[in-house]
Amino acid sequence: MKKILVTGGCGYIGSHTILDLIENGFEVISVDNNSRSSTRLLEGIEKISGKKVKNYKVDLCNFDDTHAIFQENADIIGIIHFAAFKSVGESVEKPLLYFENNLVSLINLLKCVEEFEISYFVFSSSCTIYGNPDKIPVTENTPPKPAESPYGYTKQMGEQIINEFARANRIKCILLRYFNPAGAHTSSLLGEYPIEKPQNLVPAITQTAIGKIQTLEVFGDDYPTRDGSCVRDFIHVCDLAHAHTLALQYLLDNRNQGYCDVFNLGTGSGITVLEAIRAFENITGVKLNYIIAPRRPGDVIAIYANNDKARQLLKWNPKFSLDDIMLTAWKWEQKLKADEKLFTGRDFQMN
Ligand code: WQD
């Protein structure tokens, strides 16, 4: 079987992608230092697929430890690189943490790709590379503007590093620009484990609904948008995961157009923060307690994808709706609470 190394495999998108790869016939190993994840999601993968996934608990910023993984697995043909810090808000407060973690880990990995002649490299990029776009929806040719956060800069720089690396080494790479990943696997055995208070909107919504957060803050309703709140393109994590499998297949089939093809992975529709809140309330019947708070530094006003290229070239057809996102996210949150009660016999502390 074709062996793939998934970095950040214990994380939210990484775990869903590992499952999709297994379901499509790939053999997968994970590397994840579990600094912001746990191996519980690998247990979920095993329950769903019957496959036990090996995780190397290694920090990719440590070159020797990273190199040892490749020495032990000479049959790796491809890498999907998720491992990175990803909070826009946190990156504004801790820029050096983000530049060091996200860029040193990438460079160490690429050194191993070069030495061990790995054929395929798929990079988890982000719509944040577009900054505040003048025109939406954005296509892959929309010129990147200055990023709005250090997180966004690490993705812009990551893309440039990979571009130059792919050209010099003639290694087939793909850059996947995610919009806003959200939702959970329909089994509720995989989902997002926010280790601390969630930065992202959908887990903040579900934690408010379940009572872990008392009041949801909407960061600004005075933006130049249809209802004053920011616009985003929420993509279901299972649709996003499947796009990675299709991207690998695209490279394996030699359909790539160059050495570093780029794809937007969004639904193609923009939803405001307040519309997302209403969608959650309508589909779950749970009323959300929220207030309007000041704008959050680093936030982009409005962005959503033109996803024609991924549909045509990767044969990708996202199938989950915004309602599916909210419903699967809510089921996952309720499962977390049931598990927590199971293990600790208590409800969440109201914080
Ligand atoms: C979305 C909107 C907030 C929380 C994310 C990922 C990043 C990248 C791009 C993949 C903003 C508002 C949020 C809250 C709120 N994805 N919000 N109250 O910033 O678009 O970035 O997608 O690489 O990794 O972080 O997502 O969910 O943090 O914010 O009002 O409690 O929701 O202001 O307008 P963002 P987000």
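Scroll up a little and you will see the structure.
Residues numbered from 1 in each chain as written. Predicted model: local features only at pLDDT ≥ 70, side-chain atom pairs only at ≥ 80, totals over all residues. Heavy atoms only, no water.

**Student:** Please clarify how the overall build of the protein chain should be interpreted in this entry.
**Tutor:** For the protein chain, the helix and strand inventory stands at 11 helices and 13 strands. Here the protein chain has a C-alpha radius of gyration of 19 Å; the compact-globule value for 351 residues is 20 Å, and the two agree. If one aligns the C-alpha atoms of the protein chain with their principal axes, the spans along those axes are about 55 × 50 × 40 Å. Per-residue burial for the protein chain yields a buried fraction of 56% across its 351 residues. Accessible surface, the protein chain: about 15,000 Å² in total, of which carbon and sulfur atoms supply 50%. Of the side-chain charges in the protein chain, 37 are positive and 42 negative, and the distance between the mean point of each set is 3 Å. (Helix = DSSP H or I, 4+ residues; strand = E, 2+ residues; numbered from the N terminus. Rg over C-alpha atoms; globule rule 2.2 N^0.38 Å. Buried < 20%, exposed > 50% of the residue type's maximum accessible area, 1.4 Å probe, protein only. Areas by Shrake-Rupley, 256 points an atom, 1.4 Å probe, with all protein chains shown as cover. Lys, Arg positive; Asp, Glu negative; His and termini not counted. Charge placed at Lys NZ, Arg CZ, Asp CG, Glu CD.)

**Student:** Looking at this structure, I do not really get helix H9 (residues 273-284). What am I missing?
**Tutor:** In an α-helix there are 3.6 residues to a turn, and that puts residues three or four apart on one side. The terminal C-alpha atoms of H9, which comprises 12 residues, lie 17 Å apart, in line with the 16 Å expected from a rise of 1.5 Å per residue. Those residues of H9 lying buried are Val273, Leu274, Ala276, Ile277, Ala279, Phe280, Glu281 and Thr284. Positive phi shows up at Gly285, right after H9, with a value of about 80°. (Expected span 1.5 Å × (residues − 1).)

**Student:** Just checking my understanding: could you explain the side chain of Ser188 for this structure?
**Tutor:** Counting through the fold element by element, Ser188 comes out in the loop between strand E7 (180-182) and helix H7 (201-210). With a relative accessible area of 6%, Ser188 lands in the buried category. The contact partners of Ser188, leaving out residues within four places of it in the chain, are Lys331, Trp332 and Lys335. (Contact = heavy atoms within 4.5 Å.)

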